[in-house]
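The residues making up each chain are set out below.
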Amino acid sequence: MLRRLVEISRPVLWVNTIGTTIIAMWLSGYLWTWDILPILIWVTFPFNLLIYGINDIFDRDTDDPNARKGGYGGAKIVDGEVRSIAWGVVVTNIPFLVYFVVTLPWPAWAWMLAYAFSFWQYSSTPLRFKGRPVWDSISNTDYAYPLVFVPFALGEQPVWAAAIGLMAWSMAKHVYDAIQDIDEDADAGIRTTAVAFGTKGALAWSAVFWTISTVFFALVNWPVAVVNALIAGWLVIALWREPTTPKARDIYRFSVAFPYVAGAVAGFQLVVGLVVGSYPA
């Protein structure tokens, strides 16, 4: 069962939580500190099981006919697995959250609780942000929350330009990725921002928020801003020229590497800056 839970947690996407946690540590002025270890463990398997396990439970009807699901893009679960997944989420996450509330400053654990709550209610009732146009995108700012709660946990102040930039980036990427699921979501009665706006409207939304993210990234790390602008521009233009679901799915396979590329550039710049003593500002 553990192997199945790990599969459901989508290890290929753990970079989204691990990467932001490590970048947040570097932004706080540390190449490494053991104080980060409990948080780093939490944002691997436990937290990703919370994100994707809950998502798979509540999206069983739409996942079944979705050709993208059933592999690295997400598991297809059966009704008999719901109870074990739900208990897996509780058992692997609640102890960490209790520990953080007891040991960390309140701004840190408050953002952590918001992090967990937002991902939980993205897929789950009663709020189910996923089925609320615009709110589904706004709720995806939670991917940037480690850039806020990690510095607070380490006794530092967040680099707000980086956090806001990643929030805007996450809003853009979420809507862009949802374009490939427009048909399945519409057939199931799920009104995402992509469903509500249509392909080109969703592309315009993504372009706006990727532009905002580029501006804020430039205030922190200009190479990351340049990489972000180039890749985001290519993603938008490529799909604008051929605004179809198959094209969106083809591009998605490439865009999965987007965080790796930008994260590698950011990591290199931050580590060099820390070593020579010129970062953070």
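Since this is a predicted model, take the numbers as computed values, not measurements.

(A) Fine view of the overall build of the protein chain. Each helix and strand in the protein chain was counted, giving 15 helices and zero strands. With 281 residues in all, the protein chain has 54% of them scored as buried. Of the contacts formed within the protein chain by residues at least 6 apart in sequence, a portion of 72% connects residues at least 24 apart. About 12600 Å² of surface is accessible on the protein chain, with carbon and sulfur atoms providing 68% of the total.

(B) Representation of the pattern of salt bridges within the structure. This model, assessed by the stated rule, comprises seven salt bridges. For the salt bridge of Glu-81 with Arg-4, the shortest nitrogen-to-oxygen distance reads 2.7 Å. Residue Glu-81 is found in the loop between α5 (60–63) and α6 (82–103), and its partner Arg-4 is found in helix α1 (residues 2–8); the two are separated by 77 residues along the sequence. For Glu-81, a relative accessible area of 15% translates into the label buried. In this structure Arg-4 comes out as buried when scored by relative accessible area, which is 19%. Its salt-bridge partner being Lys-130, residue Asp-59 comes within 2.3 Å of it at the nearest N-O pair.

(C) Broad picture of helix α12 (residues 193–218). Here α12 contains 26 residues, and its C-alpha end-to-end distance of 27 Å is more than 12% below the 38 Å for a straight helix at 1.5 Å per residue. Of all bends in α12, the biggest is about 105 degrees, found at Thr-199.

(D) Quick peek at helix α7 (residues 106–123). Between its first and last C-alpha, α7 extends 26 Å over 18 residues, near the 26 Å set by a 1.5 Å rise per residue. Taken together, the buried positions of α7 are occupied by Pro-107, Ala-108, Met-112, Tyr-115, Ala-116, Ser-118, Phe-119, Gln-121, Tyr-122 and Ser-123.

(E) Representation of the packing of aromatic side chains. Tallying each qualifying case throughout the model produces 20 aromatic pairs. In textbook terms, an aromatic cluster arises when at least three aromatic residues are bridged by ring pairs, as seen for Trp-42, Phe-47, Phe-96, Tyr-99, Phe-100, Trp-111, Tyr-115, Phe-119, Tyr-143, Tyr-145, Phe-149 and Trp-160.

(F) Up close: the environment of Ser-124. The residue Ser-124 is located in the loop between α7 and α8 (135–139) in this model. Here Ser-124 is in contact with Ile-54 and Phe-58, once residues within four sequence places are set aside.

(G) Layout of unusual backbone geometry. Here Thr-125 and Pro-126 are connected by a cis peptide whose omega angle stands at 10 degrees. Along the polypeptide, Pro-126 turns up in the loop between α7 and α8. Unlike most non-glycine residues, Arg-128 shows phi in positive territory, near 35 degrees. One can find Arg-128 in the loop between α7 and α8.

(H) Focus on the packing of helix α9 (residues 146–153) against helix α10 (residues 160–178). Following both chains from N to C, one finds α9 and α10 inclined at 150 degrees, their axes separated by 9 Å at the closest point. Classified by the angle between their axes, α9 and α10 sit roughly antiparallel to one another. Of the residues in α10, those in contact with Leu-147, Val-148 and Phe-152 of α9 are Trp-160, Ala-162, Ala-163, Leu-166 and Met-167. Along the lines of polarity and charge, the residues of the contact of α9 with α10 split into eight nonpolar, no polar and no charged.

(I) Quick peek at the side chain of Thr-21. Of note, Thr-21 is situated in helix α2 (residues 15–27). A polar atom in the side chain of Thr-21 sits 2.8 Å from the backbone oxygen of Thr-17. Apart from the residues within four sequence positions on either side, Thr-21 is in contact with Ile-36, Ile-39, Leu-40, Val-43, Pro-146 and Val-150.

(J) Representation of the packing of α7 against α9 within the structure. Packing of α7 against α9 brings their axes to within 8 Å, and their N-to-C directions diverge by 150 degrees. What the angle tells us is that α7 and α9 run roughly antiparallel. Judged by the sense of rotation from one axis to the other, the crossing of α7 with α9 is left-handed. Residues Pro-107, Ala-108, Trp-111, Met-112 and Tyr-115 of α7 touch α9, and the partners they reach there are Pro-146, Val-148, Phe-149, Phe-152 and Ala-153. For the contact of α7 with α9, a count of residues per class yields ten nonpolar, no polar and no charged.

Reading the values: the criteria
Residues numbered from 1 in each chain as written. Predicted model: local features only at pLDDT ≥ 70, side-chain atom pairs only at ≥ 80, totals over all residues. Heavy atoms only, no water. Helix = DSSP H or I, 4+ residues; strand = E, 2+ residues; numbered from the N terminus. Buried < 20%, exposed > 50% of the residue type's maximum accessible area, 1.4 Å probe, protein only. Contact = heavy atoms within 4.5 Å. Areas by Shrake-Rupley, 256 points an atom, 1.4 Å probe, with all protein chains shown as cover. Salt bridge = Lys/Arg side-chain N within 4 Å of Asp/Glu carboxyl O. Expected span 1.5 Å × (residues − 1). Bend = angle between axes of the 7 residues up to and from the residue. Phe/Tyr/Trp six-rings, centres within 6.5 Å; stacked < 30°, edge-to-face > 60°. Axes fitted to C-alpha atoms, helices over the stretch in contact; angles between N-to-C directions. Parallel < 35°, antiparallel > 145°, perpendicular 65-115°, else oblique. Nonpolar A, V, L, I, M, F, W, Y, C, P; charged D, E, K, R; others polar. Polar contact = N/O pair within 3.5 Å; in protein donor to acceptor, adjacent residues only side chain to side chain. Left-handed = near helix turned anticlockwise from the far one by under 90°.

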